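Breakdown of the fold
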Amino acid sequence: MNLLPSISVIMPVYNEEAKIGNALKSIRTQEYPQDKIEIILVDDDSKDRTLEIAKMYNIAYVRNGHHDYDIGKSLGIKKAKHEYLLFLDGDNILPHKSWLKTLVSPLINEKDVVGAQPIWFTYDRKHSLADRYCTLFGITDPLTIYLKKRDRLMLHEKKWNLVKKYQDKGGYFSVIFNEDNLPTIGSVGFIIKRTDILRTNYTPKFSHLDCMVDLIKQNKNKFAMVKLDIIHLHSSTIKELLKKLDRNMNIYLRDRKERRYTWKASKIMVFFATLQMLTFVVPFYHSLRGFLKIKDWAWLIHPYICFRVASMYSAKFIKYGISNLLNFRFSYAQPQVN
C-alpha cells in the first residue's frame, strides 16, 4: 500500500446536484488509501446543491466563476499537491472499488509511461438512449470516428486498433503517440504525473489536447490505454448531446487560433469524413455491424446523429470562414494612421 502514489482528483463542476454524490462516493469507497487521495472540486458558481453535497465527501473547494471548464481545470491543477493528477467530471462514476489501483498500475510498472486512461465507457441498458449510444461507439463526438481520432474503443472491440504502434501488456495497451496520430486523450478518467503537466502550457486554460502535444514535443509520448471502463453519464437526451456538441464546437472555433492540437487532418480527409457522415451509408454500416454484435437499438441512431453533427459543424465553419474573411477585408481597407 505504501508503494501506491498520492493522487489529486481534479473535478470541474457546474450544477451537478443529481450526479455529484455518486461520483464522489465512488472515489471515497475505492480500495486505495484515502489519505493519498485529495479531491479538488472546482465549482463554477453552481445554482443548485452541488457544493453542499460535495462537502460531505472531504473535498478541497476552488471557485471558478469564469463559466469555462478549461479554466476550471487549470485552477484545479494549481491547487493540487499530490504526485498524480486524475481528471474526472461530475458525471463520471468509478464502476468498481479496485478501479483506481488498476488505472495507476501501468504508471508504477513502466516509468516512461506518461499517462493512462480507460479504453471503454461502462455499458448499462438502464442508461439513457444518448448515453448508451456514446458508450457503444466509445465517443462523445462522432466526428472523431471519421477523422480517426477517437481515443476509446467501441464496446464490441477488444483489441487496440486505433494506432499501429502498441504492445499488449495484459492489463493495458502500451501505445506510442506522435503529433500525427494523437487521438483525443487526456480527459475523462485520465491520470498523469503532476510534474509532467507542470511542464506544459496549462494556464490560464488547461486544454488536455494542447498539453498532450506539449508533452509529445518533449518526447514524452508513451501512454497506457488501460483495459478498464468508466461510467460517463454524458447526456440524458439526444437533444442534450447535440447541444453539448454545439457548445464544444463554439469553444473550438473561439480558441482555434490559440490551439496547439491541430487534428492533423488534410482538407481532403475532412471533406470525405463530412461526406461519409452526411450520406448515411457508412454510418449505417457501423450501426448495423455494432447491432449484430450487441443488440441495442441505440446503435441505429448513429446515422441521424452523424447527419445532424456534420450539418451543424459545416454551417459553423462556413460562417466562421466568412466572418474571418470579412474582418480581414475590413481591417485591410482601414486607412493607415501615421
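Quick note: structure is the one above.
**Re the state of the cysteines**
Disulfides are covalent bonds that link the sulfur atoms of two cysteine residues. Applying the stated rule across the entire model yields 0 disulfides. Cys306 takes part in no disulfide bond, and the closest cysteine sulfur, belonging to Cys134, lies 11 Å away.

**Quick look at the pattern of salt bridges**
Across all of its chains, the model carries 21 salt bridges by this definition. The salt bridge involving Lys169 is made with Glu110; its shortest N-O contact spans 3.2 Å. Here the residue Lys169 occupies a position in the loop between strand S7 (166-168) and strand S8 (172-176), and Glu110 occupies one in the loop between helix H4 (99-109) and strand S6 (115-121), the gap between them amounting to 59 residues. Lys169 sits in the partly exposed class, given a relative accessible area of 36%. Across the salt bridge formed by Lys205 and Asp255, the nearest N and O atoms sit 3.5 Å from each other. Placement of Lys205 in the loop between helix H7 (194-197) and helix H8 (208-217) and of Asp255 in helix H9 (residues 238-255) is noted, with a sequence separation of 50 residues between them. The partly exposed category is assigned to Lys205, whose relative accessible area is 27%. Several salt bridges converge on common partners, so that one network encompasses Asp68, Asp70, Lys205, Asp210, Arg254, Asp255 and Arg259.

**Some remarks on H9**
Turn by turn, an α-helix covers 3.6 residues, leaving residues three or four places apart pointing in a common direction. The terminal C-alpha atoms of H9, which comprises 18 residues, lie 26 Å apart, in line with the 26 Å expected from a rise of 1.5 Å per residue. Listing the buried residues of H9 in full gives Leu241, Leu242, Lys244, Leu245, Met249, Tyr252, Leu253 and Asp255.

**A word on the nonpolar core**
Among the nonpolar cores identified, the biggest contains 66 residues, and Tyr133, Trp160, Phe177, Ile192, Met212 and Met225 are the most heavily contacted of them. In terms of residues, this core owes the most to one element, helix H12 (residues 302-333), which gives 7 residues. Ranked by size, the runner-up nonpolar core spans 37 residues in total, among them Leu4, Leu51, Trp99 and Tyr172.

**Brief notes about unusual backbone geometry**
Here the residue pair Thr203 and Pro204 is connected by a cis peptide bond, since its omega of 5° sits within 30 degrees of zero. When you line up the elements, Pro204 lands in the loop between H7 and H8. Non-glycine residue Asp45 carries a positive phi angle of around 60°. Tracing the backbone through its elements, the reader meets Asp45 in the loop between strand S2 (37-43) and helix H2 (50-54). Asp45 sits in the partly exposed class, given a relative accessible area of 22%. One non-glycine residue, Asn219, lies in positive phi territory at about 65°. Tracing the sequence through the fold places Asn219 in the loop between H8 and strand S10 (222-232).

**Comments concerning the packing of aromatic side chains**
Both the distance between ring centres and the angle between the ring planes are used here to describe each pair of aromatic rings. Taken as a whole and judged by the stated rule, the model has 12 aromatic pairs. On the numbers, 4.9 Å between centres and 10° between planes, the contact of Phe87 with Phe206 is stacked. Taken as a pair, Phe87 in strand S4 (residues 84-87) and Phe206 in the loop between H7 and H8 lie far apart in primary sequence, 119 residues in all. Judged by relative accessible area, which is 0%, Phe206 ranks as buried. Relative to Phe223, the ring of Phe190 lies with its centre 6.4 Å away and its plane at 35°, an arrangement referred to as tilted. Here Phe190, found in strand S9 (residues 190-193), pairs with Phe223, found in strand S10; they are 33 residues apart in sequence, far enough to count as distant.

Calculation rules
Residue numbers here run from 1 along each chain, matching the order of that chain's written sequence. A pLDDT threshold of at least 70 governs which residues receive local features in this predicted model, and a stricter bar of 80 or more applies before side-chain atom pairs are shown or counted, although totals over entire chains, interfaces and linings include all residues. Working from all heavy atoms in the structure, the side-chain values ignore hydrogens and water. When two cysteine sulfur atoms are found within 2.5 Å, that pair is recorded as a disulfide. By definition, a salt bridge exists where a carboxyl oxygen of Asp or Glu is found within 4 Å of a side-chain nitrogen of Lys or Arg. Each helix is a run of H or I in the DSSP string that is no shorter than four residues. Each strand is a run of E no shorter than two, and both are numbered from the N terminus. Classification of residues uses two cut-offs on accessible area relative to the type maximum, computed with a 1.4 Å probe and protein chains only: under 20% is buried, over 50% is exposed, and between them is partly exposed. Expected helix span is given by 1.5 Å per residue-to-residue step, counting one fewer step than there are residues. Among buried residues, the Ala, Val, Leu, Ile, Met, Phe, Trp, Tyr and Cys ones that are joined through side-chain atoms within 4.5 Å form a nonpolar core. Only the six-membered ring of Trp is used, alongside the rings of Phe and Tyr, when aromatic pairs are assigned; centres must lie within 6.5 Å, and planes under 30 degrees apart are stacked while those over 60 apart are edge-to-face, with the rest tilted.

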